[in-house]
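# Per-entry structural report
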2 protein chains.
Amino acid sequence: EKKVDAAAAPSPEKSAFVKLTYLERSALAKCSVAKQLFELMASKKTNLCLSIDLTKSAEILRVVDEVGPYICLLKTHADIIEDFDGSFIEGLLALAQKHNFLIFEDRKFADIGNTVTLQYSKGIHKIIEWSDITNAHCIPGEGVISGLAKCGKAFPKPRGLLLLAQMSSAGNLLTPPYVEKVWGMATASDFVAGFICQEATLGGNSKLDPAFIYMTPGVQVGSKGDALGQQYRDPDQAIFKDLCDVIIVGRGIYESPNAAQTAQSYMDLGWSAYEKRLTPQ
Amino acid sequence: EKKVDAAAAPSPEKSAFVKLTYLERSALAKCSVAKQLFELMASKKTNLCLSIDLTKSAEILRVVDEVGPYICLLKTHADIIEDFDGSFIEGLLALAQKHNFLIFEDRKFADIGNTVTLQYSKGIHKIIEWSDITNAHCIPGEGVISGLAKCGKAFPKPRGLLLLAQMSSAGNLLTPPYVEKVWGMATASDFVAGFICQEATLGGNSKLDPAFIYMTPGVQVGSKGDALGQQYRDPDQAIFKDLCDVIIVGRGIYESPNAAQTAQSYMDLGWSAYEKRLTPQ
């Protein structure tokens, strides 16, 4: 009921926020990769991110080639891929160029500054070299952001960071005082592209700053959750009601019998919800 | 001053806790790998964990072979190793057997249950296959523990999990209400071996349950911190005053000119602090 009331009498912040197109947001963004992604979303007319949690590189590349035309962003978990190697990354980057999307390694960095700089740039995965965007939990304190920013800003291509502000899993510990701290850390760093969240208001802790990009997981049509605490909602709820910018869809697409067709329908639902949001109420 | 007062008039919980030897703790532990580690510490007379944050496998194996005789546990970051492969793991497991220590991959899992099961058992690193112990942040909710426990308990060798209850990095967000939740999740799962913390009281949120093992990072002699927010204290402070069981020492050992000698001196300091703790005050 609180949400219905808020929609009936939107705050000045919300009224200003919903009027802005992704292209206008691109001009406002401080993080270079957020600018790039907003532009791409506007030109390609998609706010859909595919989350690919498969473990074989050939299967991943096959699904990404099918779904690539409909997405602005591909979210990966490099560390679950059994045969991860240089040729897989070459294949992935070729598909990103062919279909025009960015890559987001969902690493959820959560260590001290010295360690995350090594985890971001070293090892087998060398995330910084192929992933435009990555993400982090703020739990270790501000050092996790400055550690990643130190490498990311020195890298020759645009790189940026999403902060985990809300999660869709049951019983998570991202409480309002925690989110307030996340918001404070985000506004202090131009390496921060935006947030992983459930709603752009971050439960009342965000000033709905249009310079940030708000991405939301746990989006699926016709499913309420899984056995391990994941909770779902639909694209209209996520974009129109909860004011997120990018919907992240995983199993709902790659486990469907026709991944391309399903992706296209998620893209259409996400884009309609965005256009509805732009329309004066 | 609070700490001096607490030492002068210890609580009944503290009085009971400090009397127990590692061997007695082994009998009390519910997690199989905690039992194993307590026993190993008692027989090898060391509560030292080497944290190895080097990026070349040959260098890691060389240092571990030198330092192996003095440690109960080796803490790794597999994802920063440039040439990680099967032969490195073979080498590491051979050294673990030769020198009698366990392995703890400091992965800091922090995702939903479905994802962490994949991150734990799949990918290039296959952490579950070689790492006796791993760790997780409770931020995603209880699903992170049940996801890891599902794989860990089905694995044919003892496996266990440490929960991040406190960190040594500046401005971290592990607040008392957060730690209270961590404690609740720990006591609900026999896959939890213990905690990564600064003090076994977890800032007043632990009941000093001797069935858990309390490990502490940020231990170094003669250094106060680094440029990215890491803060240090010495072994006596960590074991005698803060009641931790295992001291985790990294750069203090492997960046020293004689790693073996330095490790031996940390081992001696850690063991003396433990014996002092056992001595009636």
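Bear in mind that the values here come from a model prediction, so they are computed numbers and not experimental data. (Residues numbered from 1 in each chain as written. Chains lettered and ligands numbered in written order. Predicted model: local features only at pLDDT ≥ 70, side-chain atom pairs only at ≥ 80, totals over all residues. Heavy atoms only, no water.)

What follows concerns the overall build of chain A. When helices and strands are counted, chain A shows 13 helices and eight strands. The globule rule puts the C-alpha radius of gyration for 281 residues at 19 Å, and the 18 Å found for chain A is close to it. Projected onto its principal axes, the C-alpha coordinates of chain A cover approximately 50 × 45 × 40 Å. The proportion of buried residues among the 281 residues of chain A is 61%. (Helix = DSSP H or I, 4+ residues; strand = E, 2+ residues; numbered from the N terminus. Rg over C-alpha atoms; globule rule 2.2 N^0.38 Å. Buried < 20%, exposed > 50% of the residue type's maximum accessible area, 1.4 Å probe, protein only.)

So, on to the sheet that holds strand β4 (residues 133–136) of chain B. Residue and element names in this part refer to chain B. One closed barrel holds the eight strands; their spatial order is β1-β2-β3-β4-β5-β6-β7-β8, and the pairing between them is parallel. Each strand axis lies, on average, 30° off the axis of its neighbour in the sheet, ignoring direction. As paired elements, strand β1 (residues 48–52) and strand β2 (residues 73–76) share four bridges and run parallel to each other. Its bridge partner being in β2, Ser-51 is matched across the sheet by Lys-75. (Pairing = 2+ DSSP bridges. Axes fitted to C-alpha atoms, helices over the stretch in contact; angles between N-to-C directions.)

What follows concerns the nonpolar core. Phe-195 and Met-215 of chain A together with Phe-195 and Met-215 of chain B are the most contacted members of the largest nonpolar core, which has 201 residues in total. Residues within four places of Met-215 of chain B in sequence aside, it is in contact with Leu-37, Leu-73, Ile-133, Leu-162, Phe-195, Ile-196, Cys-197, Val-246 and Ile-248 of chain B. (Core = buried A, V, L, I, M, F, W, Y, C linked by side-chain atoms within 4.5 Å. Contact = heavy atoms within 4.5 Å.)

The transform that puts chain B on chain A rotates by 180° and translates by 0.0 Å along the axis, for an RMSD of 0.0 Å. In symmetry terms, the pair is related by a two-fold rotation axis. Rotation axis and chain B: the residue whose C-alpha lies nearest the axis is Ala-110 of chain B, separated from it by 3.7 Å. When you check the interface residues of chain B against chain A, 100% turn up at the interface there too, and the contact is symmetric in its surfaces. (Least-squares fit on C-alpha atoms with pLDDT ≥ 70 in both.)

This part covers the interface of chain B and chain A. How large an interface is tends to be reported as the accessible area lost when its parts come together. Counting from both sides, the interface comprises 49 residues of chain B and, opposite them, 49 residues of chain A. Between chain B and chain A lies a buried interface of about 3900 Å² when both sides are counted; carbon and sulfur atoms form 59% of it. Remark: the boundary between chain B and chain A carries seven salt bridges. Of the charged contacts, one joins Lys-122 of chain B and Glu-82 of chain A as a salt bridge, the two residues approaching to 4.0 Å between their closest N and O atoms. Summed over the shared surface of chain B and chain A, the result is 16 residue pairs in polar contact (both at pLDDT 80 or more). For the side of chain B that touches chain A, the elements supplying multiple residues, two or more each, are β3 (102–109), α7 (113–121), α9 (143–154) and α10 (176–187) of chain B. Ranked by residues supplied to the side of chain B that touches chain A, first place goes to α7 of chain B with six residues. Its residues assigned to classes, the side of chain B that touches chain A shows 17 nonpolar, 18 polar and 14 charged. (Buried area = accessible area lost by both parts, 1.4 Å probe. Salt bridge = Lys/Arg side-chain N within 4 Å of Asp/Glu carboxyl O. Polar contact = N/O pair within 3.5 Å; in protein donor to acceptor, adjacent residues only side chain to side chain. Nonpolar A, V, L, I, M, F, W, Y, C, P; charged D, E, K, R; others polar.)

A word on the pairing of strand β6 (residues 192–196) of chain B. Residues and elements named next belong to chain B. Most of β6 sits inside the fold, with five of its five residues counted as buried. In this sheet, β6 lies alongside strand β5 (residues 160–164) in parallel orientation, the contact comprising four bridges. Directly across from Leu-164, in β6, lies its bridge partner Ile-196. You can see the chain leave β5, run along α10 and come back into β6, and the turn it takes is right-handed. The sheet contact formed by β6 and strand β7 (residues 213–216) spans three bridges and is parallel. For Ile-196, the partnering residue across the bridge sits in β7 and is Met-215. (Right-handed = clockwise from strand over helix to strand, strands pointing away.)

This brings us to the packing of helix α5 (residues 57–67) of chain A against helix α6 (residues 86–99) of chain A. Residues and elements named next belong to chain A. Here α5 crosses α6 at 0°, and the two axes come no closer than 10 Å. Between α5 and α6, the angle is such that the two are roughly parallel. Contacts between α5 and α6 pair Ser-57, Ile-60, Leu-61, Val-64 and Asp-65 from the former with Phe-88, Gly-91, Leu-92, Leu-95, Lys-98 and His-99 from the latter. (Parallel < 35°, antiparallel > 145°, perpendicular 65-115°, else oblique.)

Before going further, it helps to examine the packing of aromatic side chains. Tallied over the entire structure, the rule returns 24 aromatic pairs over all chains. Their ring planes at 25° and their centres at 6.2 Å tell us that Tyr-22 of chain B and Phe-38 of chain B sit as a pair that is stacked. Remark: Phe-38 of chain B occurs in helix α4 (residues 32–44) and Tyr-22 of chain B occurs in helix α3 (residues 22–28); sequence separation between them is 16 residues. Each member of the pair, Tyr-22 of chain B together with Phe-38 of chain B, is buried. Between Trp-183 of chain B and Phe-195 of chain B, the ring centres sit 5.5 Å apart and the planes meet at 20°, which makes this aromatic pair stacked. On the criterion of sequence distance, the pair formed by Trp-183 of chain B in helix α10 and Phe-195 of chain B in strand β6 is long-range, its members being twelve residues apart. What makes Trp-183 of chain B buried here is its relative accessible area of 9%. Joined through ring pairs, the aromatic side chains of Phe-17, Trp-183, Phe-195, Phe-212 and Tyr-214 of chain A make up one cluster. (Phe/Tyr/Trp six-rings, centres within 6.5 Å; stacked < 30°, edge-to-face > 60°.)

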